[in-house]
Each structure stands twice: as C-alpha cells, then as structure tokens.
Amino acid sequence: MAPPLHTRGSTDGITSPRLFKVLRLEEALGSHVPLDRVMVDLRSRSDVDRDALQGIGVPVILEEGNSDVSPLPRLHSLSNPAVVGAGDAIRVHPSGQVNVLYRRGANANTLFATEACNSRCLMCSQPPRDEDASWRVAEMLELLPLIDPTVPALGITGGEPTLLGEGLRLVLEAASALLPDTTFHVLTNGRTFASAPLVDSFDSVTGRALWAIPLYADNARDHDHIVQAGGAFAETIDGLYNLAERSHRIEVRFVLHRLTVGRLERFAEFIYRNMPFVEHVAFMGLEPMGYARMNRDLLWIDPLDYAPALGEAVRRLSQRRMRASIYNVQLCLLDGRSRPFARQSISDWKSASAPECANCAAIDSCCGFFRSAGPQWRSRGIQPLP
Ligand code: SF4
C-alpha cells in the first residue's frame, strides 16, 4: 500500500511556503533541476559536510531527526518518513505541513487545477467550491519543472479545469515544452467546449492533451439529472464535436451506478454510431467519496448485478474497433470475457485490498478497492480467483 500524500515535520529557516524537488546528493549534483529548487535528502547521511553544501548553493536539506548542527534551512522529523521519497516534488509550509505534489514512480500523478465547477454531479468525489484559482495556475507553472520528464502521463483535474481558460492553456503549453514525451490527461466535463472559440484557444496543444469527458447517458434527460444542470448534455455533445473537428484526442467516461447502468448497452451503441472519433471509452466504478458517499442509497448497486451488461457494452465497442476499458471493478466480479478490459485504475495512494484478496491468484492484476470504501461498498461477489 503506497503512503498518503501528506505528512508533517519540523522546519528551520523555511519562512514561506515553497516547492522543492527532493533529490539525493548524487542526483542533485547532476540533475537538470536548478540546485536552488532542490531539497537535498540527507536522511541517513551524517557523513556529508553541511557547510560544504551551503558553499555550493544547496538551499535546503531534508534530515531524519533534529541533529541541531546544520547551518542550512531544513525540514526534519517527518511524522511519516515514507511519504517523501527521492524524486518527489513537495510543497513545504513553514508550519511543517508537507504535501507531495508529484511522486516519482506512482501509477498516477495529477495536478489539481481548481475546486470550482459548473456542474454538481450526484456522484462527484470532489464536491466543488467557488474559488479564485489563479494561485493554482501559478503553482502548477512552478511545479512543472520539478516533474521528471520521463513521466508517461500526467492528469489535470478539478473541479472543472477549463474554467481556468487562459490559465489552463498556459499550463498545458508549459507542460508540453517541459515534458515532451508526456500525455496530459485533462478531466473535464466538456461543457465549456460548446464555445468553438474556447476550443480554438487550445490549438497549440492538439494531440498533447487527451480530453477525458464524462457522458452518463445516451439522452439529455438522464445525463442532465445526474449532472444536476439543465442543458449539460447538449453542451457536452457540442463540446465533443468541436474538439473532434479540430483533431483533439478524446476519451469518454461513463460512471457506473444505479442511475446509469440500465442503459449501458444503448450507451455503447450511441457512442459507436455517433462518435467513432473517440479514442477510448472508460467505464468507471464509483469512488465512494464526496457526494457519492452522501448519495449512497440513490447510487449504490452491486457491480455483480451490472457486470453482464457492462461486459456486453465493452465487447460491442471492441467489435467496432473502439478501445474500451473497465476501471475500478474487481476482477472476481467480471466473467472471463470481460476481464481483459479491466485495468489497475485506482491510484496507488488511494488503493487497498480486502482480506479475501490474500489468497487470490489475480491480486497483482486486480484494481483492488478504494481505501475510502468501507464494507457497505463491497460486492457480495468478492472471492479469491484460483
Ligand atoms: S479477490 Fe481481491 S484481488 Fe482477487 S479479484 Fe477479487 S478483489 Fe481482486
């Protein structure tokens, strides 16, 4: 189980919130990251001369305990040392609060763009709040040079990232320049893309951004109810076509719950008949957080009960040569024909396993469970696979 993304420590000489790239000394000296942005990880390195480090311009160090001998600003005595590893990018507050903003080697890394959103989806795992997110744009721009250029994919999420408008374009352009081999997976409801001029403003990142857009039904009535916004379906459809006309990469996301699963097969048909330009369709099990948790009685259905229709939907898309995946549904709930579509989709710091999994032959390929999912979110069909 991966450690969480937050911990606390003690600081000396750090007087304002700052972002650092944590590197061991050997890597720091040869890194493309400017030394003045590096926190040198000296945990278990009592042999290194701190005065000499100060002489070569190291601005801050990370130490295991309170050695009381350093002339350098430092972070030390982390309450959970496993949270911070070499290669990570962290935000350190003078109070000692530490947030990992990028974790080297994680199966998913995400930039959080804004808490604001123009929808109020019944199962939103991150309930929106109005905010001025301009500081987040500045922080993302500051963070990007600290991310390893080898990272294959980087998520951008919210809230609704396109509400940043020009700010999102700046972030994506900077990210494209700094991380030339990375795909940017932008989770957006697509409604603002009903405006063709807004889509035009993202011309410079065509092909680099993969726009991941949720569509919860093949009809306006159901989709607008789930989104809790009249006209949302029409706006999202217009947005999808505006993006496709300009050759953008598109993923469609369908969240699986009691209000959506009844039309799974018709939804698959709607996609392959009307949107053959979509490069990936993801069918996603619920994350029991935020509004989803509050609306459990409205939304919960045992995945075992929709698994046959889900299997039929992914196979229909696959037969039309459309790429389809199943996220967040455990392998033991799917039949043998559906399992090849299932992905290890839960971010490692959010994932957990159940006691039943200990003896399962599929434990290394199964998505497992959200850590936030208590017993009331577990299917009756969980059982170890032989
Ligand atoms: S028993 Fe656990 S590891 Fe095995 S398929 Fe089911 S949920 Fe996955």
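As shown above, the structure is provided for reference.
Residues numbered from 1 in each chain as written. Predicted model: local features only at pLDDT ≥ 70, side-chain atom pairs only at ≥ 80, totals over all residues. Heavy atoms only, no water.

Section: the site of the ligand
Now for step 1: Contacts to the ligand come from Q330, L331, C332, C357, C360, I363, C366, F369, Q383 and P384.
Now for step 2: Residues that form the shell around the ligand fall into these classes: 8 nonpolar, 2 polar and no charged. (Near = heavy atom within 4 Å. Nonpolar A, V, L, I, M, F, W, Y, C, P; charged D, E, K, R; others polar.)

Here we look at the sheet that holds strand β4 (residues 38-41)
Now for step 1: A sheet is described by the order of its strands in space; here 8 strands give the open sequence β1-β8-β7-β3-β4-β5-β6-β2, paired in mixed fashion. Of all strands in the sheet, those bounded by a partner on one side alone are β1 (6-8) and β2 (10-12). Geometrically, the sheet is characterised by an average inter-axis angle of 30° between neighbouring strands, direction not taken into account.
Now for step 2: As paired elements, β2 and strand β6 (residues 74-76) share 3 bridges and run antiparallel to each other. Bridging from a neighbouring strand, D12 pairs with R74 of β6. (Pairing = 2+ DSSP bridges. Helix = DSSP H or I, 4+ residues; strand = E, 2+ residues; numbered from the N terminus. Axes fitted to C-alpha atoms, helices over the stretch in contact; angles between N-to-C directions.)

Observations regarding the side chain of R315
Now for step 1: Position of R315 relative to the elements: it lies in helix α11 (residues 303-319).
Now for step 2: In this structure, R315 is buried with no salt-bridge partner, the nearest side chain bearing the opposite charge being E312 at 4.0 Å.
Now for step 3: Within the structure, the side chain of R315 is placed 3.2 Å from the side chain of S338, a separation counted as a polar contact.
Now for step 4: With residues near it in sequence (within four places) discarded, R315 still touches P308, D335, R337, S338 and F341. (Buried < 20%, exposed > 50% of the residue type's maximum accessible area, 1.4 Å probe, protein only. Lys, Arg positive; Asp, Glu negative; His and termini not counted. Salt bridge = Lys/Arg side-chain N within 4 Å of Asp/Glu carboxyl O. Polar contact = N/O pair within 3.5 Å; in protein donor to acceptor, adjacent residues only side chain to side chain. Contact = heavy atoms within 4.5 Å.)

Some details on the packing of aromatic side chains
Now for step 1: If you walk through the whole model with that rule in mind, you get 9 aromatic pairs.
Now for step 2: Taken together, a centroid distance of 4.9 Å and an interplanar angle of 80° make the contact between F193 and W211 edge-to-face. Note that F193 is positioned in the loop between β11 (183-187) and α5 (196-200) and W211 in strand β12 (residues 209-214), a separation of 18 residues in sequence.
Now for step 3: Taken together through their ring pairs, the aromatic side chains of F193, F202 and W211 make up a single cluster.
Now for step 4: Stacked on the ring of F369, the Lys or Arg R378 has its end atom at 4.1 Å from the ring centre. (Phe/Tyr/Trp six-rings, centres within 6.5 Å; stacked < 30°, edge-to-face > 60°. Lys NZ or Arg CZ within 6 Å of the ring centre and 35° of its normal.)

Brief notes about the packing of helix α3 (residues 134-143) against helix α4 (residues 166-178)
Describing two packed helices takes the angle between their axes plus the distance from one axis to the other.
Now for step 1: The N-to-C vectors of α3 and α4 enclose an angle of 5°; their axes lie 10 Å apart at closest approach. One way to sum up the angle between α3 and α4 is to call them roughly parallel. Taking contact as the criterion, the partners of V137, M140 and L141 in α3 are, on α4, G167, L170, V171 and A174.
Now for step 2: Classifying every residue of the contact of α3 with α4 gives 6 nonpolar, 1 polar and no charged. (Parallel < 35°, antiparallel > 145°, perpendicular 65-115°, else oblique.)

Observations regarding the pairing of strand β15 (residues 324-327)
Now for step 1: Residues of β15 alternate between two faces, with A324 and I326 on one and S325 and Y327 on the opposite face, all of them buried.
Now for step 2: As paired elements, strand β14 (residues 280-285) and β15 share 4 bridges and run parallel to each other. Paired with M284 across the bridge in β15 is Y327.

Some words on the nonpolar core
Now for step 1: Counting residues in each nonpolar core, the largest one holds 90 residues, and the members touching the most others are L172, W211, L215, I271, F283 and L310.
Now for step 2: Ranked by residue count, the leading element in this core is α11, at 7 residues.
Now for step 3: Sequence-distant contacts of F283, defined by excluding residues within four places in its chain, comprise F254, L256, L264, F267, L310, A313, V314, L317, A324, S325, I326 and Y327.
Now for step 4: Ranked by size, the runner-up nonpolar core spans 17 residues in total, among them V255, F370, A373 and W377. (Core = buried A, V, L, I, M, F, W, Y, C linked by side-chain atoms within 4.5 Å.)

Digging into the state of the cysteines
Now for step 1: Throughout the structure, instances matching the rule amount to 0 disulfides.
Now for step 2: Summary of cysteine pairing: C117 is not part of a disulfide, and the nearest cysteine sulfur, belonging to C121, is at 6.5 Å. (Disulfide = S-S within 2.5 Å.)

Some words on α11
Now for step 1: Spanning 17 residues, α11 covers 23 Å between terminal C-alpha atoms, matching the ideal 24 Å at 1.5 Å per step.
Now for step 2: A maximum bend of about 30° is found in α11 at A309.
Now for step 3: Residues of α11 that are buried include every one of P303, Y306, A307, A309, L310, G311, A313, V314, R315 and L317, and no others.
Now for step 4: Between the side-chain oxygen at the start of α11 and the backbone nitrogen of L304 there is a gap of 2.9 Å, and the oxygen is on D302.
Now for step 5: Within two residues after α11, R321 carries a phi angle of roughly 60°, on the positive side. (Expected span 1.5 Å × (residues − 1). Bend = angle between axes of the 7 residues up to and from the residue.)

A few points about unusual backbone geometry
Now for step 1: Geometrically, the link from G158 to G159 is a cis peptide bond, its omega value of 20° lying close to zero.
Now for step 2: Its location among the elements puts G159 in the loop between β10 (153-157) and α4.
Now for step 3: The backbone of S44 shows a phi angle near 60°, a positive value even though the residue is not glycine.
Now for step 4: Notably, R321 is not glycine yet its phi reads approximately 60°, a positive angle.
Now for step 5: Within the secondary structure, R321 sits in the loop between α11 and β15.

Purely geometric stuff here, so don't read any function into it on its own.
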